[in-house]
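Fold and geometry: a report
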Amino acid sequence: MADRPEVRTASRPVAAVAVVGLAENLVNALARVPFRQPWRGPSGPVQNTGANLTRQVIRSFMGYSTGLPIEEFRSMERTLDSLCKVLLPPWVSGKDHVSLETDEVAGVPGIWARPRAGGSRGTILYLHGGGYIGTSPTMYAAFVGAMVAGTGCEVFIADYRLAPEFPYPAGLHDAADVYAALVRDGVDPGRLVVAGDSGGGGLATSLMGELRERALPSPAALVLFSPEVDLDLDQPSVTDNADRDILPWNIPVTSYLHGVQPNDARVSAAFADPEWFPPTFVAFGADEMFRDGILTFTGHLDGARINTETHEEEGMFHVFPILMPWAGPAKRVFASMDAFVTTHLAPADDPPGAATA
């Protein structure tokens, strides 16, 4: 995102100060952890400690980052992205036997993650999280590498436009353009899955409505991790889980909405009619602030008789499969997601557009 010519960034000295400030903030966050008895919790001491360390670090990172001027935020994001470009590709290649390649689809930059051994069973369009305002495809390389290894699919992580520079519907149009181009270039919709987490998960649900508006075929399945599907943020879990989640208590959505009402069905799937949704997989934590909005959304899916698989993991916070892939709940979600995708991909010899029910 920060490499786009339209996006302003801070000078190098200011960016360096921002990165140093982040490091200091994270050190302070870690220094508090021992005084909070991190080994206590609903699981074993190791998992409890890992969860509490992750919670404290990510919450501090988000709180610090969203308090920066946007130019400094983008510069810091670019620095972290550069580190990920050095560190993650060798890790993904060695651990998951996955290759990463930068590319553009419909003019939207992104990264293809593919099995090194050869062909793919299907294609996944992945919309990364970041609350509609941050992160990058490279930062998702490790998570997507595991997805490729588990499903046997190739994955395109779209670098869609982010707020505040590009508020709604810029990112949605990017996602829809990529999807349309994949289908136009020969990807069978019956072997095409749309996936996303957090804000990217919310964007993935918005994409289902946009596909209908454009008269494009539905994907074979939709896979969501802690999707941000209720931007009204008025459900009880938003306050009840604020002390247990990784998200900052003041979740930013205004810059993305840019005047659109937060309960508009185009941006909040909890208020949409999901009757045209494909089979949908949803995983989230019982301790996350978005929990009740996600439950409302999945309830609507069930009411519309959409083939839905829901995983609510006790003691887990927002996007836990991404942040704690080694934990038992994350491993369960990965295994279930792999099986779900495999089940709903059309067999290779089916006619275009045919998918399993």
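The following paragraphs examine the structure supplied in this document. What you see is a predicted model; the values in this text were computed from it and never measured.

1. Some points on the overall build of the protein
A count of helices and strands for the protein gives 11 helices and 8 strands. Compactness check: the protein gives a C-alpha radius of gyration of 19 Å against a globular reference of 21 Å for 357 residues, within 12% of the reference. C-alpha atoms of the protein, sized along the principal axes, occupy 60 × 45 × 45 Å. Of all 357 residues assigned to the protein, the portion counted as buried reaches 55%. Accessible surface, the protein as shown: approximately 14900 Å² in total, 56% of it carbon and sulfur. Side-chain charges of the protein comprise 26 positive and 42 negative groups, with the mean position of each set lying 5 Å from the other.

2. Quick word on the sheet that holds strand β7 (residues 280–285)
One open sheet holds the 8 strands; their spatial order is β1-β2-β4-β3-β5-β6-β7-β8, and the pairing between them is mixed. Each of the sheet's edge strands pairs with one partner strand only, and the pair in question is β1 (98–105) and β8 (308–313). Strand after strand, the sheet turns through a mean of 20 degrees between neighbouring axes, direction not considered. As paired strands, strand β3 (residues 123–127) and strand β4 (residues 154–158) are joined by 5 bridges and run parallel to one another. Looking at β4, one finds that leucine 125 is bridged to phenylalanine 156. This element, helix α9 (residues 291–303), spans β6 (221–225), β7 and β8 of the sheet and lies at about 160 degrees to β7.

3. A few points about helix α1 (residues 12–32)
Taking 1.5 Å per residue as the helical rise, α1 with its 21 residues ought to reach 30 Å, and the 31 Å between its terminal C-alpha atoms agrees with that figure. For α1, every residue scored as buried is listed here: Ala15, Ala18, Gly21, Leu22 and Ala29. Each buried residue of α1 sits inside an arc of 115 degrees when the element is viewed along its axis, so together they form one side. For α1, the exposed residues set more than 90 degrees away from the buried face come down to Arg12, Pro13, Val17 and Val27. Buried residues along α1 sit in contact with α2 (45–66) and α3 (70–96).

4. A few points about the nonpolar core
In this structure, Tyr126 and Phe225 are the most contacted members of the largest nonpolar core, which totals 93 residues. By residue number, the principal contributor to this core is helix α5 (residues 170–184), which donates 8 residues. With residues near it in sequence (within four places) discarded, phenylalanine 225 still touches Tyr126, Phe143, Met147, Gly196, Asp197, Ser198, Phe281, Ala283, Val319, Pro321, Val333 and Met337. Grouped together as the second largest cluster of nonpolar side chains are 6 residues, Leu22, Tyr64, Leu68 and Met76 included.

5. Describing the pairing of β4
The buried fraction of β4 is high, at 5 of 5 residues. Side chains Glu154, Phe156 and Ala158 of β4 all project onto a buried face; the interleaved residues Val155 and Ile157 project onto the opposite face, where all are buried too. The pairing of strand β2 (residues 108–115) with β4 spans 4 bridges and is classified as antiparallel. Residue pairing in the sheet places alanine 113 in a bridge with valine 155 of β4. Each parallel crossover has a hand, and for β3 linked through helix α4 (residues 141–151) to β4 it is right-handed.

6. A word on the side chain of aspartate 159
Along the chain, aspartate 159 falls in the loop between β4 and α5. No salt bridge is formed by the buried aspartate 159; the nearest opposite charge belongs to arginine 4, separated by 4.7 Å. Look past the residues within four positions of aspartate 159 in its chain and what remains in contact with it is Met1, Arg4, Val108, Pro109, Gly110, His128 and Pro137.

7. Let's talk about a nonpolar patch on the surface
A cluster of nonpolar side chains, contributed by Leu83, Val86 and Leu87, occupies part of the molecular surface with about 320 Å² of accessible area. Along the chain, leucine 83 falls in helix α3. Leucine 83 gets classed as partly exposed once you look at its relative accessible area, which sits at 48%.

8. Some thoughts on helix α11 (residues 328–344)
The end-to-end C-alpha distance of α11 is 25 Å, a good match for the 24 Å that 17 residues give at a rise of 1.5 Å each. Turning to α11, its buried residues number three or more, namely Pro329, Ala330, Val333, Phe334, Ser336, Met337, Asp338, Phe340, Val341 and His344.

9. Focus on unusual backbone geometry
In the segment running from alanine 163 into proline 164, the intervening peptide bond is cis, with an omega of 5 degrees. With respect to the secondary-structure elements, proline 164 resides in the loop between β4 and α5. Omega for the bond connecting tyrosine 168 with proline 169 falls within 30 degrees of zero, at 10 degrees, which places this linkage in the cis form. With respect to the helices and strands, proline 169 occurs in the loop between β4 and α5. The phi dihedral of leucine 233 is positive, around 55 degrees, even though this residue is not glycine. Along the polypeptide, leucine 233 turns up in the loop between β6 and α7 (236–240). In this structure leucine 233 comes out as partly exposed when scored by relative accessible area, which is 22%. Located in the positive-phi region is histidine 258, a residue other than glycine, with phi close to 50 degrees. As for its position among the elements, histidine 258 is in the loop between α8 (254–257) and β7.

Calculation notes
- Residues numbered from 1 in each chain as written.
- Predicted model: local features only at pLDDT ≥ 70, side-chain atom pairs only at ≥ 80, totals over all residues.
- Heavy atoms only, no water.
- Helix = DSSP H or I, 4+ residues; strand = E, 2+ residues; numbered from the N terminus.
- Rg over C-alpha atoms; globule rule 2.2 N^0.38 Å.
- Buried < 20%, exposed > 50% of the residue type's maximum accessible area, 1.4 Å probe, protein only.
- Areas by Shrake-Rupley, 256 points an atom, 1.4 Å probe, with all protein chains shown as cover.
- Lys, Arg positive; Asp, Glu negative; His and termini not counted.
- Charge placed at Lys NZ, Arg CZ, Asp CG, Glu CD.
- Pairing = 2+ DSSP bridges.
- Axes fitted to C-alpha atoms, helices over the stretch in contact; angles between N-to-C directions.
- Contact = heavy atoms within 4.5 Å.
- Expected span 1.5 Å × (residues − 1).
- Arc of directions from axis to C-beta.
- Core = buried A, V, L, I, M, F, W, Y, C linked by side-chain atoms within 4.5 Å.
- Right-handed = clockwise from strand over helix to strand, strands pointing away.
- Salt bridge = Lys/Arg side-chain N within 4 Å of Asp/Glu carboxyl O.
- Patch = residues over 30% accessible without salt bridge, like charges linked within 9 Å, V, L, I, M, F, W, Y side chains within 5 Å.

By themselves, these observations are geometric and do not establish any function.
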